[in-house]
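Secondary and tertiary structure notes
Listed below are the residues making up each chain.
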Amino acid sequence: MSTLLQQLLNGLSLGSIYALIALGYTMVYGILKLINFAHGEVFMIGAYAGYFGASALGVERYGAAGLPLYLAVLVLLFAMAVAALLGVSIELLAYRPVRSAPRLTPLITAIGVSLFLQNAAMLLFSPNPRPYPPILREVRFELGGVIVTNVKLTIFVVAIALMLGLNWFIQRTWTGKAMRAVSTNIDAARLMGVDTDRIIRATFAVGSALAAAGGILFGLDQIIINPLMGVLTGLKAFVAAVLGGIGNIRGAVLGGLLIGLAEQLTSGYLSPDYRDAVTFVILIFILILRPEGLLGVVRPEKV
Amino acid sequence: MRLLLRLAVASAIGLVLYGIGLWLQGGVIEYVQRIVFLAGINVILAVALNLINGTTGQFSIGHAGFMAVGAYGAAFSGVKLQPVLQNWIGAGAVADGLTLNVGLLVGAVLAGLTGLLVGAPSLRLRGDYLAVVTLGFGEVIRISFNNAKFLGAATGFSGNSPAGLPALTTFFWVYAWAIAILILIRNLTFSQTGRSLAAIREDEIAAEAMATPTTRLKVLAFSLSAASAGIAGGLFAFMQPSIRPEDFRFDKSIDMVVMIIIGGLGSISGAVVGGIFVAVTLELMRDLQQYRLVLYALLLIVIMLVRPQGLLGSRELSQVLRLRFGRPKAEAAK
Amino acid sequence: MHRRSLVSFILALGLAATASACKPKAGASSSGAADAAEIVIGHYASMTGNTAHFGQDTDKAARLAVEQLNAAGGVLGKKLKIVTLDTRGDGADAANAVTRLIDVEKATAILGEVASSLSLQGGPIAQRRKIPMVSPSSTNPKVTQVGDYIFRVCFIDPFQGKVMATFARQTLKLDRVAILKDVKNDYSIGLAEAFQKAFLAAGGTIAAEQSYSAGDTDFSAQLTAIKGSNAQAIWVPGYYAEVGAIARTAARLGVKIPLLGGDGWDAPELFTIGGEALNGSYFSNHFAPDQASPQAQKFVADFKAKYGQEPTGLGALGYDGIMVIADAIKRAGKVEPSAIRDALAVTKNYEAVTGNITMDRDRNPEKSVVVLKIDGGKAKYEALVKP
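Now for a description of the structure that goes with this document. (Residues numbered from 1 in each chain as written. Chains lettered and ligands numbered in written order. Predicted model: local features only at pLDDT ≥ 70, side-chain atom pairs only at ≥ 80, totals over all residues.)

Digging into the pairing of strand S1 (residues 38-45) of chain C
Residue and element names in this part refer to chain C. Formally: In this scheme every C-beta is placed from the backbone, and a residue whose C-beta has 20 or more other C-beta atoms within 10 Å is buried, one with 12 or fewer is exposed, and one in between is partly exposed. Going along the chain from the N terminus, every DSSP run of H or I of four or more residues is numbered as a helix, and every run of E of two or more is numbered as a strand. Only strands joined by at least two bridges in the DSSP assignment are considered to pair. Seen with its strands pointing away from the viewer, a crossover is right-handed if its path from the first strand over the helix to the second goes clockwise.
Across the 8 residues of S1, 7 count as buried, placing the element largely inside the fold. With 8 bridges joining them, S1 and strand S2 (residues 79-86) adopt parallel strand pairing. Pairing of Glu 38 across the sheet is with Lys 79, part of S2. In this region the chain leaves S1, passes through helix H2 (residues 52-71) and returns to the parallel neighbour S2; the handedness of that crossover is right-handed. Note that S1 and strand S3 (residues 109-111) share 3 bridges and pair parallel. Paired with Gly 42 across the two strands is Ile 110, which belongs to S3.

So, in structure tokens, the structure goes:
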């Protein structure tokens with residue numbers, strides 16, 4: 001029984017990270033109808049930004065005790081800022097010029113940006129895997145046979161906090177409202193005086209920042225980072241967004257948790273060989289049976 | 001009479017190919033030979049994918065999966081068949097050629113069936129969704145091979161001996177198949193069926209309103225495209241010591257997309273050019289080692305920003321040449 | 001607009017094509033000037049990627065060997081030149097690298113690869129082209145079965161697995177061991193099998209069998225399952241990066257049993273990634289820096305003097321690989337691949353850094369295995385097991 005609980009716990013924490021990344025995918029798709037393939041790489045860059053930020057703050061000096069809380073938060077904010085900047089730059093340089101092109105072009109551009117970032121990272125950061133610095137001290141405690149580390153708790157806390165923050169942002173602030181408007185109907189929003197370009201940039205910034213947070217949490221949890229870490233994880237987060245209903249924020253969260261659980265349970269009870277396959281199988285099923293996702297809304301195509 | 005003429009032309013081409021093949025084997029280092037083979041294989045892949053992404057306007061980014069099915073199918077059956085054939089007619093070029101071609105056909109049929117299986121449920125989806133589901137299928141296929149113990153699982157399939165798969169691929173066969181598939185797809189594209197496919201690309205709903213059996217056509221084109229990719233996979237298998245699921249990752253699907261983008265989406269001659277270009281430059285770039293893929297990715301982005309229609313757009317080389325250098329001629333509306 | 005974009009497009013393509021035709025400027029493959037009176041040894045190794053340390057260490061030691069040989073006058077009066085191509089840990093690149101080494105660099109002998117999977121990709125090509133290939137540290141038996149042109153200078157996995165299984169059973173007195181292997185890796189699969197066979201034959205039981213893929217970062221599911229199986233130790237015959245992460249994850253999950261492994265652990269990153277979680281674990285290797293023969297100690301000193309760091313066992317094997325090839329060339333009397341091959345096949349009692357090398361019928365040497373224990377973040381000599 002404790003094994004099951006352990007697997008569930010691990011699945012939910014992994015799923016929270018997927019959810020953070022999936023939010024970025026879903027928000028960008030909602031507004032631009034573009035699959036931002038490069039988002040996985042933003043996640044990766046966020047993780048590396050955390051790595052270098054922590055090193056700059058002298059994390060080795062603190063050893064296993066980890067950075068003091070205020071410094072850890074600083075590292076997080078730094079990484080989120082770097083990622084936001086990166087996300088906006090990608091939008092400006094690569095996506096904006098092709099916004100009016102047929103759907104194929106931005107998709108291929110996105111794939112190109114993704115490949116570029118992966119390989120640039122391999123060049124700059126060396127392709128060798130790096131151990132993630134202990135930004136937080138590792139504390140373990142056992143609850144009824146289930147091991148819970150403070151890292152896992154932090155993942156939950158940070159993920160939930162960010163998601164609640166995002167929710168508040170979307171519902172209560174003007175920018176958030178504008179984002180919802182643009183995602184519903186970009187032309188109407190423009191007619192209502194919304195500066196759509198600014199809103200699009202803001203969307204990229206927010207989504208990327210969330211991914212960076214996911215990146216740091218991933219590094220703390222998974223111990224090693226490498227330049228290709230965004231490829232598979234990004235893909236799975238994308239599937240999570242589709243599962244929940246792409247364009248739907250709550251859907252992204254739900255999708256992320258479900259994919260995380262599915263992956264962990266498959267790995268534990270079926271075989272670790274199938275853990276990646278299960279995500280794709282879910283993708284295929286959902287697209288064939290219910291393409292709008294679990295929480296999505298069917299949009300009839302007008303001719 | 002026409003048949004005789006066609007046969008004569010085919011034999012002539014065959015002889016030329018054979019001659020070039022012999023010359024290559026003797027006169028050129030193996031390293032360059034490999035690139036020439038890969039170029040031919042790329043041509044098949046590019047033309048196959050172009051049928052779907054270009055002519056029919058559907059978006060598949062999982063074609064590496066079909067290539068994998070073709071490769072494993074050909075390798076497995078070829079390895080089983082070779083000793084049988086060699087016992088029967090003795091070892092030599094004839095047995096090799098037969099083994100190769102039977103293997104390729106097995107691979108193609110399996111790949112085509114896989115295409116059917118993938119296409120049937122997926123082709124209801126449009127645009128991005130179709131792209132993503134083909135990606136998913138491509139990965140599922142690869143992971144399946146990764147776990148298939150009888151095919152060597154993750155460490156790959158190398159046939160019966162540790163020395164690897166038999167090296168049956170020759171210049172002649174690569175380019176013979178490339179030309180055959182090229183002609184087949186070209187004829188299809190410029191036929192009535194091809195025009196229906198183009199109609200689906202231009203406006204699927206309108207095409208359906210005009211009683212075009214869109215889903216059936218799309219699935220058929222998909223299967224044909226998959227089968228062709230399977231042939232390319234089989235040819236690839238018989239020039240490697242072993243084939244591994246690693247060889248058929250998402251990266252390979254992207255390579256194929258790059259080929260047709262460079263040449264021009266919808267142009268068959270463009271696909272040929274793109275295929276050769278990618279094989280040659282990718283290999284030459286190996287010298288640049290770690291900079292290689294960065295440049296490759298940058299090239300992709302630049303192309304999309306500067307000239308997304310690629311080299312030839314959706315026109316064929318013959319049309320472009322005629323426009324530039326030919327006498328003024330009334331051209332049918334494109 | 002149309003014409004301009006076409007021109008710039010073609011320019012872009014042309015630039016890419018020209019760039020690809022350029023030779024690399026700095027830090028590339030060859031050392032020494034291209035010369036007809038030179039013996040070219042090709043080296044293919046993973047200089048980048050997940051197992052970069054293997055390739056880099058082997059290459060450094062190989063270059064040290066070449067330098068020392070050339071300083072002593074070369075081989076048969078000619079200077080040695082080593083050309084290294086990066087396989088990036090990828091099989092297709094390995095095959096291409098060997099083809100290039102033979103066709104473009106005109107190598108008369110090849111050193112490589114460290115990873116058995118990659119040797120299995122490059123080997124068939126070397127065999128077909130009849131260029132002798134010496135793998136410094138591929139331990140999977142299949143590697144030399146590829147053909148009579150393929151050799152190695154290290155022990156093989158059936159022996160390595162047996163040594164560790166016997167150690168686990170007799171010295172550590174273990175009854176139940178779980179196995180966690182890398183299914184993407186011939187080395188790991190082979191070594192896991194070897195251990196399993198020997199351990200079962202010695203009366204032990206395998207508590208659980210789990211697997212992962214190279215490149216995975218999440219091992220919690222597998223370790224949680226192993227935790228529930230009451231294993232007393234885990235046999236992890238993988239490569240250092242994953243092993244380090246596995247150790248940490250195990251510690252996190254409260255899986256306090258020792259880990260056992262093979263020579264794939266041998267890299268400093270094992271300790272930077274695994275940290276204290278590795279204390280109390282054991283692994284088999286080719287030599288122990290703190291218990292080495294005078295010859296090995298000299299090698300370690302020379303390596304440290306040149307590179308400022310300690311070599312690993314794999315590095316030592318790279319050195320030995322070059323030395324064995326050079327020795328064979330000397331004995332062959334001529335710089336000719338088939339003669340070199342024949343000389344390699346009869347290598348007898350060559351005193352290498354990692355021990356005595358005598359090629360057996362299958363072109364494998366009979367070497368001893370050193371068992372190391374990890375304590376306080378360092379590997380210490382524990383036992384030596386002769387064949």
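Some points on the environment of Pro 127 of chain A
As a reminder, the rule being used: The contact rule is simple: place each C-beta atom from the backbone, and if two of them lie within 7 Å, those residues are in contact.
Locating Pro 127 of chain A in the fold gives a position in the loop between helix H5 (104-125) and strand S1 (130-131). The exposure class of Pro 127 of chain A is buried, given the 21 C-beta atoms found within 10 Å. Taking C-alpha positions, Pro 127 of chain A is 33 Å from Leu 32 of chain A, a pair spaced 95 residues apart along the chain. Pro 127 of chain A has contacts with Met 122, Asn 226 and Pro 227 of chain A together with Thr 48, Gly 49 and Ala 52 of chain C, leaving out every residue within four places of it along the chain.

A word on the sheet that holds strand S7 (residues 205-212) of chain C
All names here are of chain C. For clarity, the cut-off: To obtain an axis, a line is fitted to C-alpha atoms, over the contacting stretch when the element is a helix, and the angle between two such axes runs from 0 to 180 degrees between their N-to-C directions.
Taken together, the 7 strands give an open sheet; going across it, the order is S7-S6-S8-S9-S10-S13-S14, and neighbouring strands pair in mixed fashion. The open sheet has two edge strands with one neighbour each: S7 and strand S14 (378-385). When strand polarity is set aside, the average angle formed by the axes of neighbouring strands in this sheet is 25°. Alignment of strand S13 (residues 369-375) against S14, held across 7 bridges, turns out to be antiparallel. Residue pairing across strands places Asp 375 opposite Lys 378, the latter belonging to S14. Relative to S13, helix H6 (residues 157-171) is tilted by about 50°, and along the sheet it contacts strand S6 (176-182), strand S8 (233-235), strand S9 (259-261), strand S10 (282-285), S13 and S14. Its contacts with the sheet place helix H8 (residues 220-227) against S6, S7 and S8, and it is angled at close to 170° to S7.

Comments concerning the packing of helix H3 (residues 64-89) of chain B against helix H9 (residues 214-237) of chain B
All names here are of chain B. Going by this rule: In this scheme, roughly parallel covers angles under 35 degrees and roughly antiparallel covers those over 145, while 65 to 115 is roughly perpendicular and the rest are oblique. Helix crossings fall into two classes, left-handed where the near helix is turned counterclockwise from the far one by less than a right angle and right-handed where it is turned clockwise. Charged means Asp, Glu, Lys or Arg here, nonpolar means Ala, Val, Leu, Ile, Met, Phe, Trp, Tyr, Cys or Pro, and polar covers whatever is left, Gly included.
Contact geometry for H3 and H9: axes closest at 6 Å, N-to-C directions at 50°. The orientation of H3 relative to H9 falls into the category oblique. H3 and H9 meet at a crossing whose hand is right-handed. Contacts between H3 and H9 involve Phe 66, Met 67, Ala 68, Val 69, Gly 70, Ala 71, Gly 73, Ala 74 and Ala 75 on the former and, on the latter, Ala 226, Ala 229, Gly 230, Ile 231, Ala 232, Gly 233, Gly 234, Phe 236 and Ala 237. Residues of the contact of H3 with H9, tallied by class, amount to 13 nonpolar, 5 polar and no charged.

Things to note about the interface of chain A and chain C
At the interface, 21 residues of chain A touch 25 residues of chain C. For the side of chain A that touches chain C, the elements supplying multiple residues, two or more each, are helix H1 (2-32), strand S2 (140-143), strand S3 (146-149) and helix H11 (249-270) of chain A. Per element, the largest residue contribution to the side of chain A that touches chain C is 5 residues, and it comes from H1 of chain A. Classifying every residue of the side of chain A that touches chain C by side-chain character gives 8 nonpolar, 10 polar and 3 charged.

So, the sheet that holds strand S4 (residues 133-135) of chain C
Two pairing modes exist for strands in a sheet, parallel and antiparallel, and in both the strands are linked by backbone hydrogen bonds. Residue and element names in this part refer to chain C. With respect to topology, 5 strands assemble into an open sheet ordered S2-S1-S3-S4-S5, the strand pairing being parallel. Every interior strand has two partners, whereas the edge strands, S2 and strand S5 (150-152), have only one. Strand-to-strand, the axes of this sheet are offset by a mean angle of 25°, without reference to chain direction. Contacts from H2 reach S1, S2 and S3, with the element oriented near 170° to S2.

Some thoughts on the pairing of S6 of chain C
Residues and elements named next belong to chain C. Burial runs high along S6: 6 of the 7 residues are buried. Note that S6 and S7 share 7 bridges and pair parallel. Pairing of Ile 179 across the sheet is with Glu 209, part of S7. Crossover S6 to S7 through helix H7 (residues 186-201) is right-handed. Sheet analysis places S6 next to S8, joined by 3 bridges and oriented parallel. When the sheet's bridge partners are listed, Ile 179 is paired in S8 with Trp 235.

Notes on the nonpolar core
Defined as follows: To count as a nonpolar core, a set of buried Ala, Val, Leu, Ile, Met, Phe, Trp, Tyr and Cys residues must be joined through C-beta atoms within 7 Å.
Within the largest apolar cluster, 344 residues are counted, with the highest numbers of intra-cluster contacts made by Ala 83 of chain A, Ile 44 and Leu 45 of chain B together with Val 177 and Ile 234 of chain C. With residues up to four places along the chain from it excluded, the contact list for Leu 45 of chain B reads Met 67, Ala 229, Ala 232, Met 256, Met 259 and Gly 275 of chain B.

Some details on unusual backbone geometry
Following Gly 112 of chain C, the chain continues to Glu 113 of chain C via a peptide bond in cis, the omega torsion being -15°. Structurally, Glu 113 of chain C is set in the loop between S3 and helix H4 (116-129). A positive phi angle, near 70°, is found at Ile 223 of chain A, a position not held by glycine. Looking at the element boundaries, Ile 223 of chain A is found in the loop between helix H9 (196-222) and strand S4 (224-225). What makes Ile 223 of chain A buried here is the crowd of 28 C-beta atoms within 10 Å.

Here we look at the environment of Leu 257 of chain A
Residue and element names in this part refer to chain A. By the secondary structure assignment, Leu 257 is in helix H11. Assessed through the 23 C-beta atoms surrounding it within 10 Å, Leu 257 is described here as buried. Each C-alpha atom, one on Leu 257 and one on Gly 244, is 9.8 Å from the other, the two residues being 13 residues apart in sequence. Leu 257 has contacts with Leu 12, Gly 15, Ser 16 and Ala 19, leaving out every residue within four places of it along the chain.

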